Amino acid sequence: MRLLRLLSSPRLTLILLAIIILVLILGTLIPQGLSSQEYIKKYGINLFRIFNFFKLTNLYHSFCFFFLLFLFAFNLFLCTLRNLKSRKNTGLIITHISIIVILSGSLITAIFRKKGFLGIYEGQIKEDFLIGEKSFPLNFKIILEDFTVEYYEPDIHQLYVYLKDKDKKFFFKAKNLENYKIPGTDYSFRILKYICDFFIDESGKIINKSFQPKNPAVLLEIKTPQTKEERWIFAKERPRHKDSNIEFFYDFRELIKDYKSKVKIIEGEKVLTKTIRVNEPLKYKGYIFYQASYNPEEPDWTGLQVSKDPGYPVVFLGFILLVIGLFGNFYKKKI
Amino acid sequence: MRFSLFELTLIFYFLSIIFYLLDIFKNKKIGDKILILGFIFNSLLIFERWRLAQRPPLANMYEAIVFFSWSVALAYLIFDLKFKLRFLGLFVGILLSLNFVFASFLDSEIYSLVPALRSNWLAIHVISYFLGYGLLTISFILSLFYLFSFNKLSLDILKKFDFWSYQLVSFGFLFLTIGLLTGAVWANVCWGSYWSWDPKETWALITWLIYLFYLHSRYLEGGKGKRSLYLNLLGFFSLLFTFFGVNFLLSGLHSY
């Protein structure tokens, strides 16, 4: 009875909160989840032994931390029961229940979540994914139809200008169609056009061959009071203009907008096609597929993160309850 | 000579300091009006940038400072309307001017969003956080005021200070909570996990827990006055560390 009273005391809530805060701070001061060698290199063998003894290198997943949270949840539970009896503010009761729901949900996540990886080439069919080195079956087939990297059209181009007679270099961040004067000279220039994949077709016409910046180029108009010239400048090749006093270099920076994996899921007769993007995962049968990585050297390969987390719906419910409870609390208070 | 919206905001925030000072000596009420003008230009600055960038202007330090200042001004103006906190105006004016001076040294170019930030959650997550930050900043200034005038003011006024600063924290805490939760939901959409113990996440949680401690210590133990004052200050320092410190000192997923 005495223990129960201690466990349900508000004073314990405050003490536990303070301890949790301190433990969390400690966990950000000591880097988490590095290899033993890295710790020894950074802190020396003795300090590493202490870290290891107290499980400080994986603090947030240690038994002590779990026990701390469990105590906190239990204390919260008892306090909530007491509040329920005295029929206090409903909003507050909901917020306290929501924290218990969130903590239970995260416990489910910690125990039951499957989180793995699936690397796949265009045209390849996969029926499993990897957690670490181990393979787990998916119970359906997934095919990668197409993987593309989407790029932004740059609105600022970085250009270096070299004047041969003065042996001087200038740097510009130039926008389309804006006029730039080269200081101390008569020269000025502007960018007339940008093409991300410059190509000359059979009829001799300049076209944009794709939407990938495979051969980015800008068309410049270079002016002096006497002359006017149009010139293509390429990021990848640099043809020299021997008869001209002015040379331009195009420092192209590609800006990735999104990664898109178009996949097909096949289960028996059922076929589902969807495009996975960074902020748009694919959900199917409790599995969620996320765009996780790509390899610039293998443009037809994509890396998907696979996760199945029965805890998340519970946590999400807790989030909703928490917000409802807090708003309810404010409605009642009417500040 | 034409001024940019940024310069106009800075000028009016700065002028508000002068007028708040004059108000004290001449017993007039012009400071607030000047600050409101600054706030209007600050709003236009955000609006204009949102239109130009075609995305919420909440993606780098410059944009964060401009939006943070806007939230502080908003929190002050609303609570000034409610509780008549005009004596804080001078400090708010100084803080906002310093913010804008700081922002003027930062890179103000508009950059495209990296894939991870291209989401509707960006606006919801960041705006709720900044609304919370604004309210908690005003509460922090009140607490400082309380601390430095502890022996000079009557108990009645100190009690009022304590009450206002508590109201500000509980309101700010609501937005902090929404920010934290939307962050977790977004992380689950984007990174495939609602919690990763990334330093920024952990520090956001620490800040949230300190304010939670503040609210509970008041409620459970009647911890008012100085103790709750120090907790409020502690919460704010933790907030500042989450906002700035983590980016510079600890590495993690949130580094953009």
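Residues numbered from 1 in each chain as written. Chains lettered and ligands numbered in written order. Predicted model: local features only at pLDDT ≥ 70, side-chain atom pairs only at ≥ 80, totals over all residues. Heavy atoms only, no water.

> Please explain the sheet that holds strand β6 (residues 180-181) of chain A as it appears in this structure.
All names here are of chain A. If you trace the 4 strands from one edge of the open sheet to the other, you get β6-β7-β10-β11, paired in antiparallel fashion. Edge strands, defined here as strands with exactly one partner in the open sheet, are β6 and β11 (228-234). Two strands pair when backbone bridges link them, and strand β7 (residues 188-195) and strand β10 (residues 217-223) are joined in this way by 7 bridges, in the antiparallel orientation. When the sheet's bridge partners are listed, I195 is paired in β10 with A217. (Pairing = 2+ DSSP bridges. Helix = DSSP H or I, 4+ residues; strand = E, 2+ residues; numbered from the N terminus.)

> Help me understand the packing of helix α3 (residues 36-43) of chain A against helix α4 (residues 45-53) of chain A in this model?
The axes of two packed helices give the description: the angle between them and the distance between them. All names here are of chain A. Closest axis-to-axis distance for the α3/α4 pair is 7 Å, and the angle between their directions is 130°. Judged on the interaxial angle alone, α4 and α3 are oblique. Classified by chirality, the crossing of α4 by α3 is right-handed. Only I45, L47, F48 and F51 of α4 make contact with α3, whose side of the interface consists of S36, Y39, I40 and Y43. When the residues that make up the contact of α3 with α4 are grouped by side-chain class, the tally is 7 nonpolar, 1 polar and no charged. (Axes fitted to C-alpha atoms, helices over the stretch in contact; angles between N-to-C directions. Parallel < 35°, antiparallel > 145°, perpendicular 65-115°, else oblique. Left-handed = near helix turned anticlockwise from the far one by under 90°. Contact = heavy atoms within 4.5 Å. Nonpolar A, V, L, I, M, F, W, Y, C, P; charged D, E, K, R; others polar.)

> Whenever I open this one, the packing of aromatic side chains confuses me. Can you help?
Aromatic ring pairs are defined here through the distance separating the ring centres and the angle between the ring planes. Throughout the structure, instances matching the rule amount to 62 aromatic pairs over all chains. Aromatic side chains A:F189 and A:F248 sit 5.2 Å apart centroid to centroid with 70° between the ring planes, which places their arrangement in the edge-to-face category. Of the two residues, A:F189 is situated in strand β7 and A:F248 in strand β12 (residues 246-251); the sequence distance between them amounts to 59 residues. A:F189 gets classed as buried once you look at its relative accessible area, which sits at 1%. Geometrically, the ring pair formed by B:F6 and B:F100 is tilted, given 5.0 Å between the ring centres and 40° between the ring planes. Residue B:F6 is found in helix α1 (residues 5-26), and its partner B:F100 is found in helix α4 (residues 89-104); the two are separated by 94 residues along the sequence. The same class applies to B:F6 as to B:F100, namely buried. Taken together, the aromatic side chains of A:F330, B:F79, B:F83, B:F87, B:F91, B:F145, B:F161, B:F163, B:W164, B:F171 and B:F175 make up a single cluster linked through ring pairs. One cation-aromatic arrangement involves A:K169 over A:Y160; the distance from NZ or CZ to the ring centre is 5.4 Å. In this arrangement the basic side chain of A:K209 is found over the ring face of A:F199, its NZ or CZ atom lying 4.4 Å from the centre. (Phe/Tyr/Trp six-rings, centres within 6.5 Å; stacked < 30°, edge-to-face > 60°. Buried < 20%, exposed > 50% of the residue type's maximum accessible area, 1.4 Å probe, protein only. Lys NZ or Arg CZ within 6 Å of the ring centre and 35° of its normal.)

> I keep staring at α1(B) and nothing clicks. Help me out?
Along an α-helix, a turn takes 3.6 residues, which lines up residues three or four apart on a common side. Residue and element names in this part refer to chain B. In this model α1 runs 30 Å from its N-terminal to its C-terminal C-alpha over 22 residues, within 8% of the 32 Å that 1.5 Å per residue would give. F6, L8, T9, F12, Y13, S16, I17, Y20 and D23 are the residues of α1 that are buried. Elements that come into contact with the buried residues of α1 comprise α2 (31-53), α3 (61-83) and α4. Downstream of α1 by one or two residues, N27 has phi in the positive range, about 60°. (Expected span 1.5 Å × (residues − 1).)

> How do you make sense of the nonpolar core when you look at a structure like this?
The tendency in soluble globular proteins is for nonpolar side chains to be buried as a group. Among the nonpolar cores identified, the biggest contains 134 residues, and A:L118, A:L138, A:F289, B:V92, B:W208 and B:L209 are the most heavily contacted of them. Considering every element that reaches this core, the biggest residue donor is helix α6 (residues 155-190) of chain B, with 17 residues. In this structure B:W208 touches A:I99, A:L322, B:F173, B:L176, B:T177 and B:L180, once residues within four positions along its chain are discounted. (Core = buried A, V, L, I, M, F, W, Y, C linked by side-chain atoms within 4.5 Å.)

> Quick question: what am I supposed to make of the interface of chain B and chain A here?
A common measure of how large an interface is: the accessible area buried when the components associate. Tallying the contact residues gives 44 residues for chain B and 47 residues for chain A. Between chain B and chain A, a total of about 4100 Å² is buried, with carbon and sulfur atoms accounting for 68% of that surface. Here chain B and chain A share 2 salt bridges between them. A salt bridge links A:K173 to B:E109, with the shortest nitrogen-to-oxygen separation between them at 3.7 Å. Listed by contribution, the elements that provide at least two residues to the side of chain B that touches chain A are α6 and α7 (199-221) of chain B. Broken down by class, the residue content of the side of chain B that touches chain A amounts to 28 nonpolar, 11 polar and 5 charged. (Buried area = accessible area lost by both parts, 1.4 Å probe. Salt bridge = Lys/Arg side-chain N within 4 Å of Asp/Glu carboxyl O.)

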